[in-house]
Amino acid sequence: MTFRRKLLAVFALTVFLSVATVGWLVSTLSRRAFELADDERTSALVTQFRHEFNRQGEEVSRRMEAIAASEPVARMGLAMNNRAPDSAAYFDAAKSTAENYQLDFLEFVDSQGTIISSAHWPAKFGYPEPAFASLSSMAEKGAFLKQEELQDNAALGLFAVRAIHVGEHPVYVIGGRRLDRDFLSALDLPAGMRVLLYLNHGDHSGSESLINPSRSAETPETNRPADQIASLIEAIRQNNQETTAIVHWSSDRADDELFHAIPLQGTSNASPKPLLGILLVGNSRRSYVELERRIRTTAFLVGGSGILLAILLSSWAAARVTRPVERLAGAAQEVAAGNWNARVEISGNDELAELAESFNHMTRELLTQKERLVQAERVAAWRELARRLAHELKNPLFPLQLTVENLVRARQQGSEQFEEIFRESSATLLAEISNLKTIISRFNEFSRMPRPQLQLVQMNDVIRGVLQLFQAQLESPGRGQISCDLQLDQRLEPIPADPELLHRAISNLVLNAMEAMPEGGRLSLRTRGNKDNICLEVSDTGAGLTAEECNRIFTPYYTSKEHGTGLGLAIVQSVVSDHGGTIRVHSEPGQGTTFVIELPRNPDTLQDGSEKNQAETISSIAAE
Amino acid sequence: MKLFAWQPLVISSLVLAVLAVAETRPQYGGTLRVSIREAPTSLDPADSREADLLARHNLTLLIFDTLTDIDDAGNVRAALATSWQAAPGNQRWQFRLRRNVKFQDGMLLTPATVASCLRTANPSWRVLPDADSIVIERDAPAPNLPAELTLPRNAIAKRNRDGTITGTGPFHIADWQPGKKLTLAAEENCWRGRPFLDIVEIEMGRNFRDQLVGLELGRTGLVEVTAEQAHRISAQGARLTSSAPIELIALLFVHDSHSPEEKLLRDALAVCVDRASIRSVLLQGTGEPAASILPNWMSGYGFVFPTQPDLQQARRDREQVHTIPVWTVGYDANDSIARLLVERIALNARDVGLSLQPSTSRSTDLRLVRLSIVSTDPWIGLANVATVANLPIGDAGGNSVQDLYRAEQALLATQRLIPLFHLPATYASAKFLRDWSVGADGSWRLADAWLTSEKTNGDKR
């Protein structure tokens, strides 16, 4: 990972963590605030329901007072105190009275607890009122909850009881209003809140009913509580205490509702009091969830935008910070590639500017040193060349000088042997001049190395051809015996190369090895191949080379031999380079010498390398 | 001074006396408006689409006559037939027709017309005209044929080619709006004599409350009254006239009982109903609790059938059955008392563990029905109930009370019918309607009724 990317990641991570932390804090705080608001709203609604309940109870009590005080009811009470009371005349009195006073339930009950008239179940005349014992004690008291049995089901109502005392036998008026859809609909609920009423009819699931005022009366519904609420209802039925729970209606959290369940208990003296119903105050969590989602979405947007902005700013900042470093790195890579003229632009006045200045100073110093070194090497090369030339030319020139002096002396003396001397001297002069021409042609030949003419060449065949050429010299009795160890990889495939140049290069190496073993030894030639290259090793068991000699051995005109021109290995290197290959030497004094040549299999590489190396060679020669 | 003092007193007393006599002496004229709840759409006596309801019975006998008539004691009397005679075996009857009786269009009543009319009403009968009589031949012994001829469907009607219909009754049709209104005008040449009333307007399809409102406002002179209304109206001083208990309120099972368990449950239902309480409260003391089809006044053995609830027996019957079905009980939503009756019966049934579900649907397991007995003849009444209730009525096999009892027992043994109450037909009449009466079978006696001069003059104005 680059320095710029690391810097960018650090910046982005920092911003992301900051935004996430802020978002989490906002979400947590808003959730707590909403939960608090939910609790307050639910508490307010429960209080409102209780207030409405009390108000309705007072209204029921007032109406019951009015009924008890009405003249028809007084007459009925009077009739019931007759010696032979006839209740049949009043069997429908409750219905009309209930209609007049807008009551859902109304019963006239005699002092024995027998129903005289019932508005909500007219057919029940003559039957005993089941709860008469407890109801009679509720006379003149406030309203209370009571479950009233109807013909098909049971209903929960807000009841009051009044007694009519017009004689020895009182008549009781038991009436009330139904806790039903209308009652719940009358509650003034805040938006998002609703009230459900569950009527508890015992364990018979078939008689369960849930009154939901938000549903239309015409809408067919089973009145069975949904499974989500059923568990809450069951919990209330078990412990008979107020409970709050969240009901999940669907996988969407926005549909969740917070229900506050209030058990509605009867007035029985039994302990615990019977559970008549459960008021379920529902508070939709949609607004909260939607706001939370909005906050989260906003946080994501802000966070995303922040991160994006941070990335942009970080990129800019990182680029600003790393650009000088990158320039330095680029310049260093150029230097490594050989461009010692690489310079870094200096901007600013900071540490990086100082570093760039130091780098530029370093490259300048390096370039200066290099130029000095090149000049020194060039001088050394020229000196070596001059020495070689002097040495090479001195040897033929000295005989030439002696021969010419002998010839001049013979001519001055008029010697009779002048003719013989002249012939011998002429022959000597011609031989030495030929020798000089040979020296010059070798130098000329090195300077005019031909470009390789590529064709598919089997390396092993070239090696065998070279050895066949030198076979006679290797077995010459005039010198030490040299054995030849040939280890050729038979799986080598032909490579594109110039066979003549290869032959010449290998011949030079073999000749060099032979010269290195004047007392005899072992000459080894090994070939092997891999996917990209083939490799040739030429080893001898001669005296070996020093490290200094190894470093300079491919330098033109450098030689460690007394009569060498210093061009043999230079030619070998030139040929190998022209084929896109490399040559290296492994040697230690007394351990022999091994030359390793690697040539590429790939023609493209060969072509490029060849051209490059040819260009380098040409450049080098031109420079020389 | 003394002469002048007592002379006006004498004169005014004479005037008042004359007026008083005038108010008690029948007088012709006036229009009587009657309201009924039923709404028949046809006046043809032989139209089998119309049920043999009391209203139809009364309308028919205002326009048409039957060969025989029946009095309140159940005795068959002469009407268009002056005498009759049965051949041995009671399968062949000869009825001698009254002479010089004319239809309301002036045509003479002939045996051929009568025979044609009876054949139309009773396709299975062989009716042959004779010189001054007709001969009716039945496939089976028909000892009650004279009483059967009193039924409205056997009224003698002359069907004209223009679709109109005429009879020999005291009124002829002046205007007929099927199901809505019937206007009858007095028949001047009625063989029984002209009725006192000029016009009788009968409004149909009026509910009981509207009828009472019309009566109280003086718009209507005669209205029907339900059993539960009777007590209150009577207490308010209205003039009520009732027939003998002539209508049967009963529970009618739609299907026969298919299993012993169901028979036990039907038995339990029959004995669990507290008829006395219902009569006392819902029916306001009107009618009689009934466990028999025929009322006691008609059969004479009605008391044999116990009407008191036997809850223990009902529970024993019910406990022998493991699975208790929920029976739906249908009732007429237009019947003001039917719902209360059904709810009370359901309450009684619940006390013994039976489950009844009141419903106004037409498709129910059983229904609360009102069955008109129509005739004061017990055999005719029993047959009519069986026909209306679609119960199998077997061969009479005799004409004695024992035969009647066996026939009724056979009907009850089907367990299709649970009798509950016998109710009279009750009418409330305005004070200006005089000499109006109701027969034991609920038939109107309008032929002798007349309106006071106050009402008559008021109509003229």
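Residues numbered from 1 in each chain as written. Chains lettered and ligands numbered in written order. Predicted model: local features only at pLDDT ≥ 70, side-chain atom pairs only at ≥ 80, totals over all residues. Heavy atoms only, no water.

(A) Spotlight on the sheet that holds strand S10 (residues 275-284) of chain A. All names here are of chain A. As summarised here, the arrangement of the five strands in space is S7-S6-S10-S9-S8, forming an open sheet in which the pairing is antiparallel. With partners counted over all chains shown, the strands left at the sheet margins are strand S7 (209-211) and strand S8 (243-247), one partner each. Here the average twist between neighbouring strands, direction ignored, is 25°. Across nine bridges, the pairing between strand S9 (residues 257-265) and S10 is antiparallel. Each residue of the ladder has a partner; that of Leu264, found in S10, is Gly277. (Pairing = 2+ DSSP bridges. Helix = DSSP H or I, 4+ residues; strand = E, 2+ residues; numbered from the N terminus. Axes fitted to C-alpha atoms, helices over the stretch in contact; angles between N-to-C directions.)

(B) Examining the sheet that holds strand S7 (residues 133-137) of chain B more closely. Residue and element names in this part refer to chain B. Within the open sheet, the four strands sit side by side as S4-S5-S7-S6. Their pairing is antiparallel. The strands lining the two open edges of the sheet, one partner per strand, are strand S4 (81-86) and strand S6 (126-129). When the angles between neighbouring strand axes are averaged without regard to direction, this sheet yields 20°. Of the pairings in the sheet, the one linking strand S5 (residues 92-97) to S7 comprises five bridges and is antiparallel in character. Each bridged residue has a counterpart across the sheet, and for Arg92 the counterpart in S7 is Glu137.

(C) Inspection of the packing of aromatic side chains at higher detail. Inspection of every chain in the model, using the stated rule, returns 16 aromatic pairs over all chains. Ring geometry for Phe105 of chain A and Phe159 of chain A: centres 5.0 Å apart, planes at 25°, overall stacked. Taken as a pair, Phe105 of chain A in strand S1 (residues 105-109) and Phe159 of chain A in strand S4 (residues 154-164) lie far apart in primary sequence, 54 residues in all. Phe159 of chain A carries the same exposure label as Phe105 of chain A, and that label is buried. Ring centres of Phe554 of chain A and Phe595 of chain A lie 6.1 Å apart, and the angle between their planes is 75°; this geometry places the pair in the edge-to-face category. With Phe554 of chain A in the loop between helix H12 (547-552) and helix H13 (568-578) and Phe595 of chain A in strand S17 (residues 593-600), the pair connects residues that are 41 residues apart, well separated along the chain. When its relative accessible area of 3% is taken as the criterion, Phe595 of chain A is described as buried. What links up through ring pairs into an aromatic cluster is the set Phe105, Phe144 and Phe159 of chain A. The ring of Phe418 of chain A carries Arg411 of chain A above its face, with NZ or CZ at 5.7 Å from the centroid. One cation-aromatic arrangement involves Arg344 of chain B over Phe125 of chain A; the distance from NZ or CZ to the ring centre is 3.9 Å. (Phe/Tyr/Trp six-rings, centres within 6.5 Å; stacked < 30°, edge-to-face > 60°. Buried < 20%, exposed > 50% of the residue type's maximum accessible area, 1.4 Å probe, protein only. Lys NZ or Arg CZ within 6 Å of the ring centre and 35° of its normal.)

(D) Examining the nonpolar core more closely. Counting residues in each nonpolar core, the largest one holds 85 residues, and the members touching the most others are Leu67, Ile134, Ile202 and Trp444 of chain B. A per-element tally of this core places helix H2 (residues 54-63) of chain B first, with five residues. When residues of this core are sorted by domain, at least three fall in each of domain 1 (27-64 + 169-221 + 442-461) and domain 2 (242-425) of chain B. Not counting residues up to four positions away in its chain, the partners in contact with Trp444 of chain B are Val34, Ile36, Asn58, Leu59, Leu62, Ile202, Tyr427, Trp436 and Ser437 of chain B. In this structure, Leu488, Leu502, Ile506 and Leu599 of chain A belong to the second largest nonpolar core, which totals 47 residues. (Core = buried A, V, L, I, M, F, W, Y, C linked by side-chain atoms within 4.5 Å. Domains from an automatic or database assignment. Contact = heavy atoms within 4.5 Å.)

(E) Geometry of a nonpolar patch on the surface. Judged by side-chain polarity, Leu308, Leu309, Leu312 and Leu313 of chain A come together as a nonpolar surface patch covering roughly 410 Å² of accessible area. Relative to the assigned elements, Leu312 of chain A resides in helix H7 (residues 286-336). (Patch = residues over 30% accessible without salt bridge, like charges linked within 9 Å, V, L, I, M, F, W, Y side chains within 5 Å. Areas by Shrake-Rupley, 256 points an atom, 1.4 Å probe, with all protein chains shown as cover. Salt bridge = Lys/Arg side-chain N within 4 Å of Asp/Glu carboxyl O.)

(F) Main features of the interface of chain A and chain B. On the chain B side, the residues contacting the 13 residues of chain A number 16 residues. Carbon and sulfur atoms supply 58% of the area buried between chain A and chain B, which totals about 1,300 Å² over both sides. At the surface where chain A touches chain B, the tally comes to one salt bridge. Measuring nitrogen to oxygen at the nearest pair gives 2.9 Å for the salt bridge that ties Arg350 of chain B to Glu149 of chain A. Connecting chain A to chain B are seven residue pairs in polar contact (both at pLDDT 80 or more). Tallied by class, residues from the side of chain A that touches chain B come to eight nonpolar, two polar and three charged. (Buried area = accessible area lost by both parts, 1.4 Å probe. Polar contact = N/O pair within 3.5 Å; in protein donor to acceptor, adjacent residues only side chain to side chain. Nonpolar A, V, L, I, M, F, W, Y, C, P; charged D, E, K, R; others polar.)

(G) Inspection of the environment of Asn58 of chain B at higher detail. Residue and element names in this part refer to chain B. One can find Asn58 in helix H2. Considered as a pair, Asn58 and Gly167 are 109 residues apart in the sequence and their alpha carbons are 14 Å apart. Those residues in contact with Asn58, other than ones at most four positions away along the chain, are Tyr427, Gly442, Ser443 and Trp444.

(H) A look at the pattern of salt bridges. This model, assessed by the stated rule, comprises 46 salt bridges over all chains. Among the salt bridges present, the one from Arg62 of chain A reaches Glu59 of chain A, with a minimum N-O distance of 2.5 Å. Separated by three residues within a single helix, Arg62 of chain A and Glu59 of chain A lie in helix H1 (residues 3-69), roughly one turn from each other. In this structure, Lys124 of chain A engages Glu149 of chain A in a salt bridge whose closest nitrogen and oxygen atoms are separated by 3.7 Å. Residue Lys124 of chain A is found in the loop between strand S2 (115-118) and helix H4 (132-136), and its partner Glu149 of chain A is found in strand S3 (residues 144-149); the two are separated by 25 residues along the sequence. Among the residues examined, Lys124 of chain A registers a relative accessible area of 6% and is labelled buried. Take Glu149 of chain A: its relative accessible area is 32%, and that puts it in the partly exposed class. Each of Arg92, Arg126, Glu137 and Asp139 of chain B takes part in a single network of salt bridges with overlapping partners.

(I) Molecular detail of empty space enclosed by the protein. Residues and elements named next belong to chain A. Within this structure, the stated rule accounts for one cavity of 30 Å³ or more. For the largest cavity, the calculated volume is near 40 Å³. Lining the largest cavity, in full, are Pro324, Arg327, Glu345, Ile346, Ser347, Asp350, Leu352, Ala353 and Ala356. Broken down by secondary-structure element, the contributors of at least two residues to the lining of the largest cavity are H7 and helix H8 (351-413). The residue makeup of the lining of the largest cavity, split by class, is five nonpolar, one polar and three charged. (1 Å grid on protein atoms, 1.4 Å probe; cavity = no way out; pocket = protein on both sides within 12 Å on 5 of 7 lines; lining within 4 Å. Points joined across faces, edges and corners; volume = space filled by probe spheres on them.)

(J) Looking closely at the packing of helix H7 (residues 260-272) of chain B against helix H10 (residues 311-319) of chain B. Residue and element names in this part refer to chain B. Running from N to C, H7 and H10 point in directions that differ by 165°, and their axes come no closer than 8 Å. Between H7 and H10, the angle falls in the class roughly antiparallel. Every pair of crossing elements has a handedness; the one defined by H7 and H10 is left-handed. Two secondary-structure elements touch here, H7 through Leu264, Leu265, Asp267, Ala268, Val271 and Cys272 and H10 through Leu311, Ala314, Asp317 and Arg318. For the contact of H7 with H10, the residue count by class is seven nonpolar, no polar and three charged. (Parallel < 35°, antiparallel > 145°, perpendicular 65-115°, else oblique. Left-handed = near helix turned anticlockwise from the far one by under 90°.)

(K) The state of the cysteines, seen in detail. All names here are of chain A. One pass over the full model with this rule turns up zero disulfides over all chains. The closest cysteine sulfur to the non-disulfide-bonded Cys484 is located on Cys535, 17 Å from its own sulfur. Free cysteine: Cys535, not disulfide-bonded; nearest cysteine sulfur from Cys550 at 17 Å. (Disulfide = S-S within 2.5 Å.)

(L) Representation of the domain arrangement of chain B. All names here are of chain B. Domain boundaries in chain B define domain 1 (27-64 + 169-221 + 442-461) and domain 2 (242-425). Taking the mean C-alpha position of each, domain 1 and domain 2 sit 32 Å from one another. Contacts between the two partners involve six residues from domain 1, matched on the other side by eight residues from domain 2. Carbon and sulfur atoms supply 55% of the area that domain 1 and domain 2 bury against each other, a total of about 610 Å² over both sides.

(M) Representation of helix H11 (residues 338-351) of chain B in the model. All names here are of chain B. Relative to the 20 Å expected for 14 residues at 1.5 Å per residue, H11 spans 20 Å between its end C-alpha atoms, a close match to the ideal helical length. Where burial is concerned, most of H11 is hidden: 11 out of the 14 residues are buried. Buried within H11 we find Ala338, Leu340, Leu341, Val342, Glu343, Arg344, Ile345, Ala346, Leu347, Asn348 and Ala349. Positive phi shows up at Gly353, right after H11, with a value of about 90°. (Expected span 1.5 Å × (residues − 1).)

(N) Broad picture of unusual backbone geometry. Positioned with a positive phi, Gln102 of chain A is a non-glycine residue whose angle comes to about 55°. Structurally, Gln102 of chain A can be placed in the loop between helix H3 (93-100) and S1. If you check the backbone angles, Asn100 of chain B has positive phi at about 60° while not being a glycine. Position of Asn100 of chain B among the secondary structure elements: in the loop between S5 and helix H3 (111-121).

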